[in-house]
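# Secondary and tertiary structure notes
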Amino acid sequence: MATIEGKAKELLDKAEVVVIGTCSGDGIHLVATWGDFVRTIGIQDGNKIVIPAGGYRQTEQNLKGNNKVEVLVGSKQVEGTQGMGTGCRLSGTGEVQTSGELYDLTKSEFPWARGAFVIHVDEIEYML
Ligand SMILES: Cc1cc2nc3c(=O)[nH]c(=O)nc-3n(C[C@H](O)[C@H](O)[C@H](O)COP(=O)(O)O)c2cc1C
C-alpha cells in the first residue's frame, strides 16, 4: 500500500485534469476526471481516490475482467527534478461502488453520480 502524500498529494491538489487507464481484451482504455472533483471528496484512508461516476461504463466493464488501474497526474505548478513541472503515475486497483459509505459521500457532493469510482493506490512513481 502507498500513502498519497508529499508531491503526489501536491499534484492532486493542483491538477486540472486526472487521467485514468484500465484494460480490456482490446487494449488500453483512458478516461478522465476533473482535479477539483477528486479534491471535493478528498483522499480517503490515505490511499483511496474517489471519483464521481456519471459514465465510466466501459471502465466499469473493464474492471470486472481486470481490476488494475493506472492514474496519471501532472502539473506545471509543482516542482520536479528539472524545475517547475512534474507528474506521477499512481497504480492500483479500482471498482465502481453503488452502495456504502463512499457511495453516500459521492452522492452527497455529486447528486448526478450513478456510483463512486474508488481507486486503491498501491504504488506511486514520479516522472520528471
Ligand atoms: C476533463 C474530463 C473530465 C471528466 N470527468 C468525468 C467525471 O468526473 N465523471 C465521469 O463519469 N466522466 C467524466 N468524464 C468523461 C469520461 O472521461 C468518459 O469519457 C465517460 O465517463 C465514459 O466512460 P467509459 O468510456 O468508461 O464508458 C470526463 C471527461 C473529461 C475529458
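Heads up: the structure comes first, above all this text.
Let us look at the structure shown here. (Residues numbered from 1 in each chain as written. Predicted model: local features only at pLDDT ≥ 70, side-chain atom pairs only at ≥ 80, totals over all residues. Heavy atoms only, no water.)

### Observations regarding helix H1 (residues 6-14)
- All of the buried residues along H1 are Ala8, Leu11 and Leu12. For H1, the buried positions fall inside an angular range of 95° around the axis, keeping them on one side.
- For H1, the elements touching its buried residues are strand E1 (17-24), helix H2 (35-41), strand E3 (48-53), strand E4 (68-80), strand E5 (83-97) and strand E6 (115-127). (Buried < 20%, exposed > 50% of the residue type's maximum accessible area, 1.4 Å probe, protein only. Helix = DSSP H or I, 4+ residues; strand = E, 2+ residues; numbered from the N terminus. Arc of directions from axis to C-beta. Contact = heavy atoms within 4.5 Å.)

### Quick word on the nonpolar core
- With 25 residues, the main nonpolar core has Ile20, Ile49, Phe117 and Ile119 as its most contacted residues.
- For this core, the secondary-structure elements that each account for two or more residues are H1, E1, E3, E4, E5 and E6.
- It is E4 that provides the largest number of residues to this core, a total of four residues.
- The next biggest cluster of nonpolar side chains, apart from the first, holds eight residues, and it includes Phe37, Ile41, Val50 and Phe110. (Core = buried A, V, L, I, M, F, W, Y, C linked by side-chain atoms within 4.5 Å.)

### Some thoughts on the environment of Ala32
- When you line up the elements, Ala32 lands in strand E2 (residues 27-34).
- For Ala32, a relative accessible area of 41% corresponds to the partly exposed category.
- Each C-alpha atom, one on Ala32 and one on Val17, is 6.7 Å from the other, the two residues being 15 residues apart in sequence.
- In this structure Ala32 touches Val17, Val18, Val19, Ile20 and Tyr56, once residues within four positions along its chain are discounted.

### Observations concerning the site of the ligand
- Neighbouring residues of the ligand: 15 residues in total, closest His29, Thr33, Gly54, Gly55 and Thr59.
- Measuring from an oxygen atom of the ligand, one finds a backbone N or O atom of Tyr56 at 2.9 Å.
- Residue Gln58 places a main-chain N or O atom 2.9 Å away from an oxygen atom belonging to the ligand.
- Contact with the protein chains covers 67% of the free accessible surface of the ligand, which is 620 Å².
- When residues of the shell around the ligand are traced back to their parent elements, those giving at least two are E2, E3 and helix H3 (57-65). (Near = heavy atom within 4 Å. Polar contact = N/O pair within 3.5 Å; in protein donor to acceptor, adjacent residues only side chain to side chain. Areas by Shrake-Rupley, 256 points an atom, 1.4 Å probe, with all protein chains shown as cover.)

### Some words on unusual backbone geometry
- The phi dihedral of Asp45 is positive, around 55°, even though this residue is not glycine.
- Of note, Asp45 is situated in the loop between H2 and E3.
- With relative accessibility at 57%, the residue Asp45 sits in the exposed group.
- Of note, Tyr56 is a non-glycine position whose phi angle comes to about 55°, a positive value.
- Assignment of secondary structure puts Tyr56 in the loop between E3 and H3.

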